[in-house]
Amino acid sequence: MNSFLLIESERFPVLPGEEDDLVNPGTYGRALGEYLQRRLGDQGYATPLLCAEDWGWWLEVRRDDASDGILIYAHPEDRPPRRYAVSSEARPGRRWRWSRFGFEDRTAWCDRLRADLEAAFAGDPEVEVRGWQDEFPWSPAPHTPPVLGPGSGPGPPRDPPRPAGTARTRRAGGPRRV
């Protein structure tokens, strides 16, 4: 799943002691993670681990011999947090599984996890589902690096451009001996 489910709710406040668990300031989401543990657990998933990461919270989900992580991001400017983006590490398509020593198609797993993630919020009047978005919703404006000419930028200096049809010669030592 390469997209993000956007939700808005005041149902997921900063929990007591959550500040101590954060890797970076403002990366809240433990209350939402605990909510998803319960809701996805009701749908048959095992959710053995919820932990803080440097970007937000990570929830492990397992079902039918497959596992992935749910990613929980709080909007960095909300205090208390109100806007969240929820995604999954699951990617559709064929993937290698060492436990089976072969490829498996993960598309059905990804589709089911996406639907179950939506269903986890369905029917909850305190949670407003804003929809899916393909790009991370709170990215800063994309940075375009400057175009560098020959010989500029990091690394060793480059040779000046040669006229067309000329060959590069060895700099020292003459022809290579074999």
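Shown above is the structure to which this text applies.
Since this is a predicted model, take the numbers as computed values, not measurements. (Residues numbered from 1 in each chain as written. Predicted model: local features only at pLDDT ≥ 70, side-chain atom pairs only at ≥ 80, totals over all residues. Heavy atoms only, no water.)

### Let's talk about a nonpolar patch on the surface
No. 1: Together, Trp 96, Trp 98, Phe 101 and Phe 103 make up a nonpolar patch on the protein surface, roughly 550 Å² of accessible area in all.
No. 2: You can see Trp 96 is positioned in strand β6 (residues 94-97). (Patch = residues over 30% accessible without salt bridge, like charges linked within 9 Å, V, L, I, M, F, W, Y side chains within 5 Å. Areas by Shrake-Rupley, 256 points an atom, 1.4 Å probe, with all protein chains shown as cover. Salt bridge = Lys/Arg side-chain N within 4 Å of Asp/Glu carboxyl O. Helix = DSSP H or I, 4+ residues; strand = E, 2+ residues; numbered from the N terminus.)

### Thoughts on the pairing of strand β7 (residues 102-105)
No. 1: Burial along β7 is one-sided: the residues Gly 102 and Glu 104 are buried and none of Phe 103 and Asp 105 is.
No. 2: Sheet topology note: the β6/β7 ladder contains four bridges and is antiparallel. In the sheet register, Arg 95 faces β7, and the bridge partner there is Glu 104.
No. 3: Where β6 folds back onto β7 in an antiparallel hairpin, the turn is made up of four residues, including Phe 101, whose phi is positive at roughly 45 degrees. (Buried < 20%, exposed > 50% of the residue type's maximum accessible area, 1.4 Å probe, protein only. Pairing = 2+ DSSP bridges.)

### Some points on helix α3 (residues 107-121)
No. 1: Under the 1.5 Å per step criterion, the end-to-end length of α3 is 22 Å for 15 residues, consistent within 8% with the ideal 21 Å.
No. 2: The complete set of buried residues in α3 reads Trp 109, Cys 110, Leu 113, Asp 116, Leu 117, Ala 120 and Phe 121. Angularly, the buried residues of α3 cover 135 degrees about the axis, an arc narrow enough to put them on a single face.
No. 3: Buried residues along α3 sit in contact with β1 (4-8), α2 (30-42), β3 (57-63), β4 (66-74), β5 (83-88) and β8 (128-133). (Expected span 1.5 Å × (residues − 1). Arc of directions from axis to C-beta. Contact = heavy atoms within 4.5 Å.)

### Re the packing of aromatic side chains
Two aromatic rings are characterised by how far apart their centres lie and by the angle between their planes.
No. 1: Under the defined criterion, the tally for this structure stands at 13 aromatic pairs.
No. 2: Ring centres of Trp 98 and Phe 101 lie 5.8 Å apart, and the angle between their planes is 55 degrees; this geometry places the pair in the tilted category. Of the two residues examined, Trp 98 and Phe 101, each falls in the exposed class.
No. 3: Clustering of aromatic rings is evident, with ring pairs tying together Phe 4, Trp 55, Tyr 73, Phe 136 and Trp 138.
No. 4: Above the plane of the ring of Tyr 45 lies Arg 63, whose end atom (NZ or CZ) is 4.9 Å from the centre.
No. 5: For the cation-ring pair, Arg 114 lies above Trp 132, with the distance from its terminal atom to the ring centre recorded as 3.8 Å. (Phe/Tyr/Trp six-rings, centres within 6.5 Å; stacked < 30°, edge-to-face > 60°. Lys NZ or Arg CZ within 6 Å of the ring centre and 35° of its normal.)

### What to know about the sheet that holds β5
No. 1: Overall, antiparallel pairing links the six strands, which are arranged β2-β3-β4-β5-β1-β8 in an open sheet. A single partner strand is all that each edge strand has here, and the edge strands are β2 (50-52) and β8. The average undirected angle you get between the axes of adjacent strands in this sheet is 25 degrees.
No. 2: Note that β2 and β3 share three bridges and pair antiparallel. Bridging across to β3, Ala 52 finds its partner in Trp 57.
No. 3: Sheet contacts for α2: β1, β2, β3, β4 and β5; angle to β3, the most-contacted strand, approximately 10 degrees. (Axes fitted to C-alpha atoms, helices over the stretch in contact; angles between N-to-C directions.)

### Examining the nonpolar core
No. 1: Formed by 30 residues in total, the largest nonpolar core has its most connected members in Ile 7, Phe 12, Leu 32, Leu 36, Leu 40, Ile 70 and Phe 121.
No. 2: Listed by contribution, the elements that provide at least two residues to this core are β1, α2, β3, β4, β5 and α3.
No. 3: A total of six residues in this core trace back to one element, the largest contributor, which is α3.
No. 4: Aside from chain neighbours lying at most four places away, what touches Ile 7 is Phe 12, Leu 32, Arg 82, Arg 83, Tyr 84, Phe 121, Val 127, Glu 128, Val 129 and Arg 130.
No. 5: Phe 4, Leu 71, Tyr 73 and Trp 138 belong to the second largest nonpolar core, which has seven residues in total. (Core = buried A, V, L, I, M, F, W, Y, C linked by side-chain atoms within 4.5 Å.)

### Overview of the pattern of salt bridges
No. 1: Across all of its chains, the model carries 16 salt bridges by this definition.
No. 2: For Glu 8, the salt bridge identified is with Arg 130, shortest N-O distance 3.6 Å. One end of the pair, Glu 8, is in strand β1; the other, Arg 130, is in strand β8, and 122 residues separate them in sequence.
No. 3: Glu 8 gets classed as buried once you look at its relative accessible area, which sits at 18%.
No. 4: Through salt bridges that share partners, Glu 8, Glu 10, Arg 82, Glu 128 and Arg 130 make up one connected network.

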